[in-house]
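Structural characterization, general
Chain by chain, the residues:
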Amino acid sequence: MSGSKTNGTVQLNEGSTNTELPMVEGTLGPKVIDIRKLYAQTGHFTYDPGFTSTASCDSAITYIDGDEGILMHRGYKIEELAAQSDFMEVCYLLLKGELPTSEEKAKFTKDITYHTMLHEQLIQFFRGFRRDAHPMAIMVGVVGALSAFYHDSTDIADPHQRMIASYRLIAKMPTIAAMAYKYSVGQPFIYPNNELSYAENFLHMTFSVPAETYKISPTLARAMDRIFILHADHEQNASTSTVRLAGSSGANPFACIAAGIACLWGPAHGGANEAVLTMLEEIGSVERVPEFIKKAKDKNDPFRLMGFGHRVYKNYDPRAKVMQQTCYEVLDELGIKDEPMLKLAMELERIALEDEYFIEKKLFPNVDFYSGIILKAMGFPTSMFTVLFALARTVGWVAQWNEMMEDPGQKIGRPRQLYTGKAQRPFVPLVKRK
Ligand code: SDX
């Protein structure tokens, strides 16, 4: 494991047997106990169903300090990237490990932009869906189908093909996402305009119509670009782990990203941004906030405060703070004063953060808490919120997939289990079953 070093050992004592396991230290964060030889040496497995204490890989892409609320990509804090960089630079950084020079950035942007169009036959895929199909269902289907159209970039052993497939995925996600939206509202698909920036092109394909001139607001384009940065990558979250596990079998990158999209859709993960707006609409007024806080605390009530809590952050999600600031900028640009959903969300946050239950369990707003309010104000339907998350997270998924594929020690992921079923028993013929 490059970038790490063995640092001491731990003893595992069972009866008269002592097993010594190496401790490995990375650049930052907790040390790990290397248990790769544990089963061979002890005949035991470890047990960690939700991976709460398990490192599934080593990675140099993103680091999160959940206690301090710190998120860094290749060593750069998310706050600095959101304020001073742009999404194309962050894509370059995630994929290649360094911020680009102006020449590198210009070439990378050109290379990505070159791939924004879809194979024309893929348009037929959209027509097979009902108009009211959830756009995430369309994303899973169409992205998975890309492997049927881009055979020239599915040989994962070829670094050049891995790079082309990576660029195609980053470039085509906005086109596919915009088409999913257009299909749902019965408007014609809008082709990409490669004179525009990544975020501008997405807004153009989503909101322009052939019959009128569409004027892109620089403030909204900047906000869209920043929202993409905030969602770009996040260590070994559920959907990234899905992409890695799918990729570990040698599946092509388009199929792996389709698997990641499917996992992200869940309300406990990327689907939370849509669920937050649904929850705020259900709460309806500030007066009802205490009723829902009570529900969230009730062990017998499955209701959870969507957009709150996180497996890793036991402090404020740094992305949520930037998102809240972006919310003010977008609402101000759109001339929306006193947006009721924002006022409700802020009151909900204030009450929750003062409540003993949320304090004790260290539940803070996460990236999904404010994003939906911004996206709704920008004109996106709630069903598109997770699509935008998937659009932005594609670069993270692809960067993590490439990191895994470049690892000479890469092997198929195949967890074991604690078996709790029946011990061996003889078959009972049908005639003898009561
Ligand atoms: C994302 O992993 C990532 O990095 C994901 C992500 C990324 O960028 O990829 O950051 C994006 O998915 C953000 C999370 C979006 N999801 C939500 O907002 C849904 C609401 N949040 C929860 O479902 C929950 O907080 C999770 C799923 C996010 C985290 O769950 P964990 O780590 O498994 O924690 P847990 O369920 O064990 O909760 C610990 C305790 C429990 O109480 P006890 O059983 O200990 O008594 O906190 C409670 C939970 O009941 N709890 C909540 C709560 N979240 C946790 N109670 C009320 N409301 C909540 N939102």
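Data block above holds the structure.
Residues numbered from 1 in each chain as written. Predicted model: local features only at pLDDT ≥ 70, side-chain atom pairs only at ≥ 80, totals over all residues. Heavy atoms only, no water.

So, on to helix 13 (residues 289–297). Looking at helix 13, one finds that the buried residues are V289, F292, I293 and A296. Projected down its long axis, helix 13 carries its buried residues within an arc of 105 degrees, all on one side. (Buried < 20%, exposed > 50% of the residue type's maximum accessible area, 1.4 Å probe, protein only. Helix = DSSP H or I, 4+ residues; strand = E, 2+ residues; numbered from the N terminus. Arc of directions from axis to C-beta.)

Pairing of strand 1 (residues 5–14) with strand 2 (residues 17–25), which is carried by 8 bridges, proceeds in the antiparallel orientation. Residue pairing in the sheet places T6 in a bridge with V24 of strand 2. Counted along the chain from strand 1 to the antiparallel partner strand 2, the turn is 2 residues long, and its residue G15 has a positive phi close to 60 degrees. (Pairing = 2+ DSSP bridges.)

As a further point, take the packing of helix 4 (residues 102–113) against helix 7 (residues 159–185). Contact pair helix 4 / helix 7: the axes reach a minimum separation of 8 Å and the direction vectors enclose 75 degrees. Between helix 4 and helix 7, the crossing angle belongs to the class labelled roughly perpendicular. Across from F108, D111 and I112 in helix 4, the residues of helix 7 making contact are Y167, I170 and A171. Tallied by class, the residues present in the contact of helix 4 with helix 7 amount to 5 nonpolar, no polar and 1 charged. (Axes fitted to C-alpha atoms, helices over the stretch in contact; angles between N-to-C directions. Parallel < 35°, antiparallel > 145°, perpendicular 65-115°, else oblique. Contact = heavy atoms within 4.5 Å. Nonpolar A, V, L, I, M, F, W, Y, C, P; charged D, E, K, R; others polar.)

Another aspect to go through is the packing of aromatic side chains. Under the defined criterion, the tally for this structure stands at 19 aromatic pairs. A centroid spacing of 5.1 Å and a plane angle of 40 degrees characterise the contact between F87 and Y198, whose relative ring orientation is tilted. Note that F87 is positioned in helix 3 (residues 87–96) and Y198 in helix 8 (residues 198–207), a separation of 111 residues in sequence. Relative accessible area serves as the criterion here: at 1%, F87 is assigned to the buried category. Here a set of aromatic residues connected by ring pairs shows up, and it is made of F87, Y181, Y198, F202, F207, F228 and F380. Residue placement shows K96 over the ring face of Y92; its charged tip is 5.7 Å from the ring centre. (Phe/Tyr/Trp six-rings, centres within 6.5 Å; stacked < 30°, edge-to-face > 60°. Lys NZ or Arg CZ within 6 Å of the ring centre and 35° of its normal.)

Around the ligand sit 24 residues in total, of which H234, H310, R311, R319 and R393 are the nearest. Between the ligand and the protein, one listed contact pairs an oxygen atom with a side-chain N or O atom of H310 at 2.6 Å. Contact distances for the ligand include 2.8 Å between an oxygen atom and a side-chain N or O atom of R393. Protein contact buries 78% of the 1000 Å² of open area that the ligand shows by itself. (Near = heavy atom within 4 Å. Polar contact = N/O pair within 3.5 Å; in protein donor to acceptor, adjacent residues only side chain to side chain. Areas by Shrake-Rupley, 256 points an atom, 1.4 Å probe, with all protein chains shown as cover.)

A pair of packed helices is captured by two measures, namely the crossing angle of their axes and the spacing between those axes. One can describe the packing of helix 10 (residues 238–248) onto helix 11 (residues 253–264) by two numbers: an axis separation of 8 Å at closest approach and a directional angle of 150 degrees. Between helix 10 and helix 11, the angle is such that the two are roughly antiparallel. Helix 10 and helix 11 meet at a crossing whose hand is right-handed. Two secondary-structure elements touch here, helix 10 through A238, S239, T242, V243, A246 and G247 and helix 11 through C256, I257, A259, G260, C263 and L264. (Left-handed = near helix turned anticlockwise from the far one by under 90°.)

The next thing to look at is the pattern of salt bridges. The full count for this structure, using the stated rule, is 18 salt bridges. Close ionic contact of D152 with R168 constitutes a salt bridge, the shortest N to O distance being 2.9 Å. Remark: R168 occurs in helix 7 and D152 occurs in the loop between helix 6 (135–145) and helix 7; sequence separation between them is 16 residues. Residue class for R168 comes out buried when judged on its relative accessible area of 10%. One salt bridge connects D301 with K295, and the closest N-O pair in it is separated by 2.9 Å. The exposure class of D301 is buried, given its relative accessible area of 19%. By relative accessible area, which is 26% here, K295 ends up partly exposed. A network of salt bridges, in which partner residues are shared, links D86, E89 and K105. (Salt bridge = Lys/Arg side-chain N within 4 Å of Asp/Glu carboxyl O.)

Glancing now at the pairing of strand 4 (residues 62–65). Walk down a regular strand and you will see the side chains alternate between the two sheet faces. Relative to strand 5 (residues 70–73), strand 4 runs antiparallel, the two being bridged by 4 bridges. Within strand 5, the residue paired with D65 across the bridge is I70. Hairpin connection between strand 4 and strand 5: a loop of 4 residues separates the two successive antiparallel strands, and G69 in this loop has a positive phi of roughly 70 degrees.

Attention now goes to the nonpolar core. For soluble globular proteins, nonpolar side chains are generally found buried alongside one another. F126, M224, L305, M378 and F380 are the most contacted members of the largest nonpolar core, which totals 121 residues. Element by element, the count of residues in this core is highest for helix 18 (residues 385–405), at 14 residues. When residues no more than four places from it in sequence are discounted, the contact partners of M378 are L203, F207, L220, M224, I227, V330 and L334. (Core = buried A, V, L, I, M, F, W, Y, C linked by side-chain atoms within 4.5 Å.)

Turning next to helix 14 (residues 318–333). Quick reminder: α-helices carry 3.6 residues per turn. Residues three or four places apart thus point the same way. End to end, helix 14 covers 23 Å across 16 residues, agreeing with the expected 22 Å (1.5 Å per residue, within 8%). Those residues of helix 14 that fall on the buried side of the exposure criterion are P318, R319, A320, V322, M323, Q324, T326, C327, V330 and L331. Where helix 14 is buried, its residues touch strand 5, helix 2 (78–84), helix 9 (218–230), helix 15 (340–354), helix 17 (368–377) and helix 18. At the exit of helix 14 stands G335, carrying a positive phi of roughly 70 degrees. (Expected span 1.5 Å × (residues − 1).)

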